[in-house]
Structure formats: structure tokens, C-alpha cells
Amino acid sequence: MRRARLGRFYDRAVNALSFSGELYKLRRELNLRIDQPESIAAPARSHPLGVTRWFKKRRISIAEAYLMVIRDLDSRHSKDRLRALRMMVEASFHAKTLDMPLNTARVQMALMKEAVKHRDDHRTQLELLADFSSSSYGQSQVIRRLADRLNLIELPESGKRLEELDAGWDQHVHDTASSGRKNPTQLALDAFIKGMSRLTIAYTGPAAEMMEEAIEAGHILGVEVDIGIEFSMGARGERFHFMALLPRFRRGEDLAAFLKEHRKDLKPLFSALTENQESRLEGIRDLLSEFNREVRPRLNEGFPDQDAYRLPKLKMRDFAAFVPSSSASRYHLGEFLWSSYKPLMFNRVLYLKALRGKARSDFHRGRISEGELASVEGRYRRARDEYRTMSPESLRRRWFDAPGAGDYDSVLQDIGELRALLGRSGCELKLLSPLERGL
């Protein structure tokens, strides 16, 4: 115990000598905004030089903008996200020197993203904020060192936008309108940080607002964003996956104008996708019913019959409130279960820890055997490990990813007719996973 106290005193002394009081203050301000995102006001409409003039406030301003980008997934908040993204870009590109403006902006955004991610690691947060300070001068050796540490490639400082550099691409990603976990602005921001020139975001149905946001976010960041509509189709007794690639748009309003102009041509496709979504929701309803019937009793076995420890039934009504039905898929089921199961597991770990303490006391008093103690400790250890490693994706794979689970028959059947329809609208048809069914 004395050695532990000395260790903590040593760590505090080292941190006090390594970081200034100003950095400690900035860390507290940052964590306050992470913990209370509702307190963040929309960024002021001012020239970025008005932000950089007050250098010490600049880190928090960029952090606030990043938090506004990531905190909402609903399409209704797209304008606020785009406004916050513009503020991030303007503040990051207006560093004190312009030796490496593009790479400096990427490094600074990555540092602030990491600082938010390491909310519970105060030492790492202080290091990241200190690195942000040194990066703001844009000195090439500092930016290269930080980019290397953050595993970011260095891009040429030619004055061109990322989309003109042909630096890299990702031709198939999803946002929260389909099966992704990030909103479209987040996807574009991640692409910018990684140094990608092009990004193709795939949707499974009509989601005009999210599509427009994706294109506009790409325009702000200089990343070329293409829009694809993903669907499946039966042919020769097999199911194949396709993507309809829309023409390339520079601004969000260009997409809106395109959809309005070709509304009649694209109506059969969107109507079929809407029917497919209804079938998809039926599949989700079946998966939830099976989970409640087969899995939920096993997960609740051995715990007190109290709300704090028992997983309630997963209801379709709650799932519809969790994610819009127009974009819901079985890939959201992991997130849905995690939202209620994670806090439940925390309570269970505390409950089992108390049982372990009692079992140890009973063992020392000779009331239980060594085997009984080992059983209690093993149960606590397994619950603790499950709580630490649990993620939405692991829950989805464990409970909702059986072969054929949630499958449905696609309404789309005639590939020739669909290809002609897309051709009239200037769209391209792309076969996904061409070797999925063999040569």
C-alpha cells in the first residue's frame, strides 16, 4: 500500500514538471465538453483568423467543432455538422506559418480526435494537447514527426486539394443511413485525415439528406465523394449484389437537382428499395423474437430478478426509436443490444465482485470449499472480461450473424430493365464481389 502511494506521488510529480498549468486547464475544459456535449454552442460565424488570434482557445474551438460533428447521427443535424466542419477546416488551415498547411491541418484534426477518444487517459490527453501546441507553428520537422507517430502519410504541399492529388481511395463505405456507425461528415473527415482523395459512400435506399451532406462535407475538405445505391438481385437461383453509381456531383445542391430531374426514371428503383426495406424490417423483427425466446433467458440466468441486472425484452418499437426505420438493418442490432446490455453488465460485475468478496470471507472461515470459491471467482472474472471486451460488433457477430439470419427475397429481378433505367439517368451499374458465386 505504501509503495502504491509513493508510485502515485511520483507520477503526479512527473506530470507537474512535464506539463504547464495551462495544459491542465485545457484538458479540464476539453473533458467538460466531452461529458456535457449539450453545453456546446454552435460555432460563431467569424473569420478563422479571429479564432487563431486567441491561440490558447483554438484547441478547444476545434475540439468543440469535432464533438459537434460526431455527437449526432440523425440527418436533421446535418447543417450543424457541416457548419462545425467548416470551422475545423478554417481554423486548422490558418496556422501561424504555412510551411505545410495541408499536413498541418490533417495532423491537428487527428490530434484532437485522439484527445477526445482518450477521455479517461489524462496523461495521454496532456501529451496530445502539448503536441497540438507544437504543431500550430507548422514547422516541417514537427509535422513529419507527429504524422509518423499518428501513422499518417505525408502528402505533397502543392497547393492542390486532396481530390486533385490522387492519393488514395475507398470505394465502399457506409454511414448511419445504412449499416455504418458514423455520419457522412465523420466519414469524409476520417478520409481527409488519412489522406484519401476519393470516397464512395453506399446507401441501401433513398436518403437524400445524408447523401447531400456527404457530398458537401467532401467539398469542404477537398475530398471527392461519390454516391452509390447498393442492392441485391436474384438471378439463376442465386443472389448477387450490385451498386448503382450516381453521376459525380460537386455540391450537395447538385445532387438535389439531379434527384428532382430524374425522379420519374428512378422511381421504380426507389420503390423497389422501399419494399426491400420493409422485408428487411420483417427479418429484424424475426431476429429480435428469436433472441428474446432463445438467448435472453440464458443471459439472465443466475442474476437477481431486478431491473438493474436483468436484460429486458428487445422490442421492435424501441429499435425503431433507436434507428430510423428507413435505414435500419440487422447491422444495427449490435448497437441496439449494446446500448442496454453494457450498463447492465457494469451492474453485474459489481454484483459478482461483492459475491466474490463474501465468498473469500466465507472460505477463510471454513464455510465453503475451495472449489466453491473458485466457481465464484471464475464467474466474476468471466463477467469482468466480457464487460471490458464487449463491443457492438462483437455482440452482433455473437447473436445476430447466423448464416441466413434476416435474409429476404429482393423485389428486383430484371437486371436488363434496371440497367436501361439507370442508363437513362446517367448512372452506372457495378457488380459487387464478382467472385462471390465463383467464376
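The structure contained in this document is the topic of the report that follows. All residue numbers refer to positions counted from 1 along the written sequence of the respective chain. With the structure being a predicted model, the display of local features is reserved for residues of pLDDT at least 70 and the display and counting of side-chain atom pairs for 80 or more, all residues being used for whole-chain, interface and lining totals. Each side-chain value is derived from all of the structure's non-hydrogen atoms; neither hydrogens nor water enter the calculation.

### Topic: the overall build of the chain
Here comes step 1: Runs of H or I in DSSP of at least four residues are treated as helices and runs of E of at least two as strands, each being numbered from the N terminus. Scanning the chain from N- to C-terminus turns up 18 helices and five strands.
Here comes step 2: Only protein chains enter the calculation, and the probe is 1.4 Å; a residue is then buried if its accessible area is under 20% of its type maximum, exposed if over 50%, and partly exposed in between. Here the chain, with 439 residues, has 46% of them falling under the buried criterion.
Here comes step 3: For the chain, contacts bridging at least 24 residues in sequence account for 75% of all contacts bridging at least 6. Residues count as neighbours in contact if any of their non-hydrogen atoms are within 4.5 Å of one another.

### Topic: the nonpolar core
Nonpolar side chains in soluble globular proteins tend to end up buried together.
Here comes step 1: Tyr-203, Phe-231 and Leu-269 are the most contacted members of the largest nonpolar core, which has 84 residues in total.
Here comes step 2: Sequence-distant contacts of Tyr-203, that is, excluding residues within four places in its chain, are made with Asp-175, Ala-177, Pro-184, Met-210, Met-211, Ala-214, Ile-227, Gly-228, Ile-229 and Glu-230.
Here comes step 3: Here, the term nonpolar core denotes a set of buried Ala, Val, Leu, Ile, Met, Phe, Trp, Tyr and Cys residues that are joined through side-chain atoms within 4.5 Å. Leu-287, Val-323, Leu-344 and Tyr-380 belong to the second-largest nonpolar core, a separate cluster that totals 29 residues.

### Quick notes on the packing of helix α6 (residues 101-117) against helix α8 (residues 140-149)
Here comes step 1: Note on geometry: axes are lines fitted to C-alpha atoms, helical ones only across the stretch in contact, with angles between N-to-C directions running from 0 to 180 degrees. Packing of α6 against α8 brings their axes to within 10 Å, and their N-to-C directions diverge by 45°. The angle between α6 and α8 places the two elements in the oblique class. Helix-helix and strand crossings are classified by hand; for α6 and α8 the assignment is left-handed. Here Asn-103, Thr-104, Val-107 and Leu-111 of α6 lie close against α8, whose contacting residues are Ile-143, Leu-146 and Ala-147.
Here comes step 2: Grouping the amino acids of the contact of α6 with α8 by side-chain chemistry returns five nonpolar, two polar and no charged. In what follows, roughly perpendicular refers to angles from 65 to 115 degrees, roughly parallel to angles under 35, roughly antiparallel to angles over 145, and oblique to any angle outside these ranges. Take the far helix as the reference: if the near one is turned anticlockwise from it by less than a right angle, the crossing is left-handed, and if turned clockwise, right-handed. Just so you know the grouping, Ala, Val, Leu, Ile, Met, Phe, Trp, Tyr, Cys and Pro go in nonpolar, Asp, Glu, Lys and Arg go in charged, and all remaining residues, Gly too, go in polar.

### Considerations on the pattern of salt bridges
Here comes step 1: Just to be clear on terms, a salt bridge is a Lys or Arg side-chain nitrogen sitting within 4 Å of an Asp or Glu carboxyl oxygen. Here the structure, examined in full by the defined rule, presents 25 salt bridges.
Here comes step 2: When the shortest N-O distance is used, the salt bridge between Arg-250 and Glu-163 registers 3.5 Å. Of this pair, Arg-250 sits in the loop between β4 (238-245) and α12 (252-261) while Glu-163 sits in helix α9 (residues 162-165), placing them 87 residues apart in sequence.
Here comes step 3: Judged by its relative accessible area of 47%, Arg-250 is partly exposed.
Here comes step 4: Judged by its relative accessible area of 21%, Glu-163 is partly exposed.

### Structural notes on the side chain of Ser-329
Here comes step 1: In this structure, Ser-329 sits in the loop between α14 (316-322) and α15 (333-364).
Here comes step 2: Looking at Ser-329, the relative accessible area reads 8%, which means it is buried.

### Describing the environment of Met-88
Here comes step 1: With respect to the helices, strands and loops of the structure, Met-88 is situated in helix α5 (residues 78-93).
Here comes step 2: Setting aside its immediate chain neighbours within four residues, Met-88 contacts Ile-62, Ala-65, Tyr-66, Val-69, Met-109 and Leu-189.

### Concerning α15
Here comes step 1: The end-to-end C-alpha distance of α15, which contains 32 residues, comes to 45 Å, matching closely the 46 Å that a straight helix rising 1.5 Å per residue would cover.
Here comes step 2: Phi for Gly-366, located one or two positions after α15, is positive at around 80°. Here the expected length of a helix is defined as 1.5 Å per residue gap, with one fewer gap than residues.

### A few points about the environment of His-122
Here comes step 1: Structurally, His-122 is set in helix α7 (residues 122-135).
Here comes step 2: Once the C-alpha coordinates of His-122 and Asn-31 are considered, the two residues, 91 residues apart in sequence, prove to be 9.5 Å apart.

### Here we look at unusual backbone geometry
Most peptide bonds are trans, and most residues other than glycine sit at a negative phi.
Here comes step 1: For Asn-151, which is not a glycine, the phi torsion comes out positive at approximately 60°.
Here comes step 2: With respect to the helices and strands, the residue Asn-151 is situated in the loop between α8 and α9.
Here comes step 3: Here Asp-166, not a glycine, exhibits a phi torsion of approximately 50°, which is positive.
Here comes step 4: Relative to the assigned elements, Asp-166 resides in the loop between α9 and β1 (169-173).

### Quick notes on helix α10 (residues 184-194)
Here comes step 1: The buried fraction of α10 is high, at 10 of 11 residues.
Here comes step 2: For α10, the complete set of buried residues consists of Pro-184, Thr-185, Gln-186, Leu-187, Ala-188, Leu-189, Asp-190, Ala-191, Phe-192 and Ile-193.
Here comes step 3: Taking the backbone nitrogen of Thr-185 as reference, a side-chain oxygen 3.1 Å away marks Asn-183 as the first, capping residue of α10.
Here comes step 4: Phi turns positive one or two residues past the end of α10, at Gly-195, with a value near 90°. Any pair of N or O atoms that falls within 3.5 Å is considered a polar contact. Within protein, one atom must be able to donate a hydrogen and the other to accept it, and sequence-neighbouring residues count only if both atoms are side-chain atoms.

### Brief notes about the environment of Ser-279
Here comes step 1: Take Ser-279: it is sitting in helix α13 (residues 263-300).
Here comes step 2: Spatially, the C-alpha atom of Ser-279 lies 8.3 Å from that of Ser-410, the residues being 131 residues apart in sequence.

### A word on the pairing of strand β2 (residues 198-203)
Here comes step 1: Counting buried residues in β2 gives five out of six residues, a clear majority hidden from the surface.
Here comes step 2: Look down the strands so they point away from you; if going from the first strand over the helix to the second traces a clockwise path, that crossover is right-handed. Handedness of the β1-α10-β2 crossover: right-handed.

### Considering the packing of helix α2 (residues 21-35) against α7
Here comes step 1: Orientation of α2 relative to α7, taken along the N-to-C sense of each, is 110°, at an axis distance of 10 Å. Considering their axes alone, α2 and α7 lie roughly perpendicular with respect to each other. Judged by the twist between their axes, the crossing of α2 over α7 is right-handed. Contacts between α2 and α7 involve Leu-23, Tyr-24, Leu-26, Arg-27, Leu-30, Asn-31 and Ile-34 on the former and, on the latter, His-122, Gln-125, Leu-126, Leu-129, Ala-130 and Ser-133.

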